[in-house]
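Structural characterization, general
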Amino acid sequence: MHTELFRITSKIVAYGKSGQIAHARKMFDGMSQRDSVAWNAMLASYSQLGRYQEALSLFWSMRVVDTKPDHFTFTATLSACAGSCQLRNGTKIHALILVLGFQSYLPINNALIDMYGKCLSPSTATRVFEEMNLRNEMTWCSLLFAHTKSCQFELAQELFAVLPKRVRIAWNTMIAGYARYGEVESCLALLKEMLEDSCWPDQWTFSSLISACTESSEHFYGSMVHSFIIKSGWSSAAEAVNSLLTFYAELGCRGDAMKVIESIGTLSQVSWNAMIDAHMKLGATNEAFLAFQRAPEKNIVSWTSMISGYARNGHCEQAVSFFVSMMRNDLKPDDFAIGAVLHACSSLGVLGHGKMVHGCILRNGFHAYVYVGNGIVNMYAKSGDLEGSIRAFGEIPNKDLVSWNAMLFAFGLHGQHNHALKFYKEMVATGVKPDKVTFIGLLMTCSHSGLIEESREFYEIMRSVYGLSLEIDHVACMVDMLGRGGYIAEAKELANKYLGTGFSDLSSFEALLGACSAHRDVVSGSYLGKALKDLEPHKEMSYVLLSNLYCASGQWKEAEMVRKAMLDEGVKKMPGCSWIEFNNFKVSSMIENPTALKI
């Protein structure tokens, strides 16, 4: 019996390592007898493949059948908690570790620090660290990561200064921490110290440095690091090459991205995925599709890159189609694929597609992920199902600020200003602090509902009470609201206040021109329309609004001159478009608005 148990467990491990997790689980479920080693093999396989929810579900099943966990069980399960950022499950497992007396095991304590760090609870990670009698390099680096992950760079620097030994992983942790926030100069300063400390960088160091340049859109620094990568002999390392591809693609440097692709020798699966992603970021969807077809192997990252790329480039039907094809190929989605297809469904506004994806989320256990729940709220709102948004919001286990903002926008999108304002009060009462996005939602809701005094109040308290600085969208919302209400002079004064400050874009003036058109203020509208035409001669908005203004005021000759100027510039007006949903597809009817400009 022992030999048979060992043989099956070995097969489970082998299937797990090769990614054939369904075969591993089938073999596991068919076992007549299981010991803790068999459970650990299945747990570790799930955790290593990123199937965190299934790992946690299996752990609790193990507890139900009363199989005693060991230190391997706890490290694998804590890894799943860390990967899925499930702090609540992590704290429950920590309590169980204390009850069963495993708190003196070094690997378990390291896994606890890692879990608390990834779940953004650095203070608890520090407590675990302080209670440890035995530490190693991984202990110190895990706590270092906990501080950098939570943006506690002062504490990270203090800890870094007292490290028993500054190993390469510690340097890389510090550089990667600053890179996440685009702090290029801090990363380069650390690189200089690292070299002075006779610690030579590796591909992970360079990958983090390039990521910092990508995050901050610093082309000069990125090119400089690229040169250093070549001189250091790491130009063929997969991580460095893939980061360079992402960098040039994000900055729109098609030529440089193509040179990186051409320089790659043997393409690994990671390289193929990076190439697909780079093409998508450059807007070259056909090239991305060809690369996807040519890739000898396709994993979940390959499919997700295609789904998210199509959605990002406005090809949302293709994104949903790819998601369905992925499922038909027996490839189970991960949380990133779910997030990408939810974005596509939200853009399409097709409720049938959204409900299909929601069902997939429930079947695969992704409803516990907060950002997936937020995506579901948004999807139902944009698909016209406010009740669905409300239900989805109620089902999010640990709501964050994005959850509240998504629901606030849902009410505003459906014209439910009373519910939106009540919801905002409930949000504040629960201790959730609003941010700039919250106030954009509130100002938009008030603007479209004509709540002028409420808009003014929100505009004021976001600065005076919450200390939030104004952004373009806040000003545009206020200008739009004042203009809709007929307060043209006040709207013009507000728009002019930020003109030329480098703060305001032209959206405020487009909103103001629309208000002039609606209220037939020919003098102000003519001035704004001509100014916008000069600033953006190839945008249709100023021509359309100005022509509508002249037509509404009976100034046919002036309207004709605007039409001629539009034709001379080669600007075409997109016709008005109405949509109906038929058999889960949106059918468009291109109908010209009779009051809009006709060419």
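These numbers were taken from a predicted model, which means no experiment stands behind them.

Some points on the overall build of the chain
- What the chain contains, in helices and strands, is 34 helices and 2 strands.
- In the chain, which comprises 599 residues, the proportion classed as buried is 49%.
- Within the chain, contacts between residues separated by at least 24 positions form 59% of all contacts whose residues are at least 6 apart in sequence.
- Surface summary for the chain: the accessible area is close to 29,300 Å², and the carbon and sulfur share equals 54%.

Some words on the nonpolar core
- One finds F439 and F458 to be the most contacted residues of the largest nonpolar core, which totals 165 residues.
- The element that contributes the greatest number of residues to this core is helix α21 (residues 335-348), accounting for 8 residues.
- With residues near it in sequence (within four places) discarded, F439 still touches Y424, P434, F458, I461, M462, Y466, L468 and H474.

Observations regarding the packing of aromatic side chains
- A complete count under the given rule lists 28 aromatic pairs for this structure.
- On the numbers, 4.9 Å between centres and 75° between planes, the contact of F59 with W60 is edge-to-face.
- Judged by its relative accessible area of 0%, F59 falls in the buried class.
- Aromatic rings pair up to connect F59, W60, F74, F102 and Y105 into one cluster.
- The aromatic ring of F292 is capped on one face by K298, whose charged end is 5.3 Å from the ring centroid.
- Cation over ring: K399 sits above F393, and NZ or CZ is 5.1 Å from the ring centre.

Some words on the UniProt feature "repeat: PPR" (unreviewed entry) in the chain
- Sites flagged by UniProt as "repeat: PPR" (unreviewed entry) map to residues 35-69, 167-201, 299-333, 400-434 and 539-573.
- In residues 299-333, helix accounts for 74% and strand for 0%; the two terminal C-alpha atoms are 10 Å from one another.
- Structurally, residues 400-434 comprises 74% helix and 0% strand, and the distance from its first C-alpha atom to its last is 11 Å.

Regarding the environment of T173
- One can find T173 in helix α11 (residues 168-180).
- Spatially, the C-alpha atoms of T173 and T205 are 8.8 Å apart, while their sequence positions differ by 32 residues.
- Contacts of T173, omitting those with residues within four sequence positions, involve C141, L144, F145 and T148.

Things to note about the packing of helix α25 (residues 401-413) against helix α27 (residues 436-449)
- Running from N to C, α25 and α27 cross one another at 10°; their axes reach a closest spacing of 9 Å. Put simply, α25 runs roughly parallel to α27. Touching L401, N405, L408, F409 and G412 of α25 are V437, T438, I440, G441, L442, M444 and T445, all from α27.
- Looking at side-chain class alone, the contact of α25 with α27 contains 7 nonpolar, 5 polar and no charged residues.

As for the packing of helix α3 (residues 36-48) against helix α4 (residues 52-64)
- Closest axis-to-axis distance for the α3/α4 pair is 7 Å, and the angle between their directions is 160°. Between α3 and α4, the angle falls in the class roughly antiparallel. Here α3 runs over α4; the crossing is left-handed. On the side of α3, the interface is formed by S36, W39, N40, M42, L43, Y46 and S47, while α4 contributes Y52, E54, A55, L58, F59, S61 and M62.
- Partitioned by chemical class, the residues of the contact of α3 with α4 number 9 nonpolar, 4 polar and 1 charged.

What to know about the pattern of salt bridges
- With the rule as written, the count across this model stands at 8 salt bridges.
- A salt bridge links D29 to R25, with the nearest nitrogen and oxygen atoms 2.9 Å apart. Of the two residues, D29 and R25 both sit in helix α2 (residues 21-29), 4 residues apart, roughly one turn of that helix.
- A salt bridge links R463 to E460; the nearest nitrogen and oxygen atoms lie 3.3 Å apart. A residue pair is termed a helical-turn pair when its members lie 3 or 4 positions apart in one helix, as R463 and E460 do in helix α28 (residues 452-464) at 3 residues.

As for α11
- If you check α11, its first and last C-alpha atoms are 18 Å apart, about what 13 residues at 1.5 Å a residue would give, namely 18 Å.
- α11 sits mainly inside the fold: 10 of its 13 residues count as buried.
- By the burial criterion, the buried members of α11 are A170, W171, N172, T173, M174, I175, A176, G177, Y178 and A179.
- G182 lies just past α11 and shows a positive phi near 70°.

With respect to the confidence of the model for the chain
- Within the chain, residue pLDDT values average 83, and 84% of them lie at 70 or more.
- Across residues 500-504 the pLDDT falls below 50, and counting only partners more than four positions away or on other chains, this stretch makes 8 contacts in the model.
- Overall, residues 587-599 carries pLDDT values under 50, and its contacts beyond four positions in sequence, including any with other chains, amount to 36 contacts.

Conventions we followed
- Residues numbered from 1 in each chain as written.
- Predicted model: local features only at pLDDT ≥ 70, side-chain atom pairs only at ≥ 80, totals over all residues.
- Heavy atoms only, no water.
- Helix = DSSP H or I, 4+ residues; strand = E, 2+ residues; numbered from the N terminus.
- Buried < 20%, exposed > 50% of the residue type's maximum accessible area, 1.4 Å probe, protein only.
- Contact = heavy atoms within 4.5 Å.
- Areas by Shrake-Rupley, 256 points an atom, 1.4 Å probe, with all protein chains shown as cover.
- Core = buried A, V, L, I, M, F, W, Y, C linked by side-chain atoms within 4.5 Å.
- Phe/Tyr/Trp six-rings, centres within 6.5 Å; stacked < 30°, edge-to-face > 60°.
- Lys NZ or Arg CZ within 6 Å of the ring centre and 35° of its normal.
- UniProt positions renumbered as here; feature names shortened; annotations may be inferred.
- Axes fitted to C-alpha atoms, helices over the stretch in contact; angles between N-to-C directions.
- Parallel < 35°, antiparallel > 145°, perpendicular 65-115°, else oblique.
- Nonpolar A, V, L, I, M, F, W, Y, C, P; charged D, E, K, R; others polar.
- Left-handed = near helix turned anticlockwise from the far one by under 90°.
- Salt bridge = Lys/Arg side-chain N within 4 Å of Asp/Glu carboxyl O.
- Expected span 1.5 Å × (residues − 1).
- pLDDT = per-residue confidence, 0-100.

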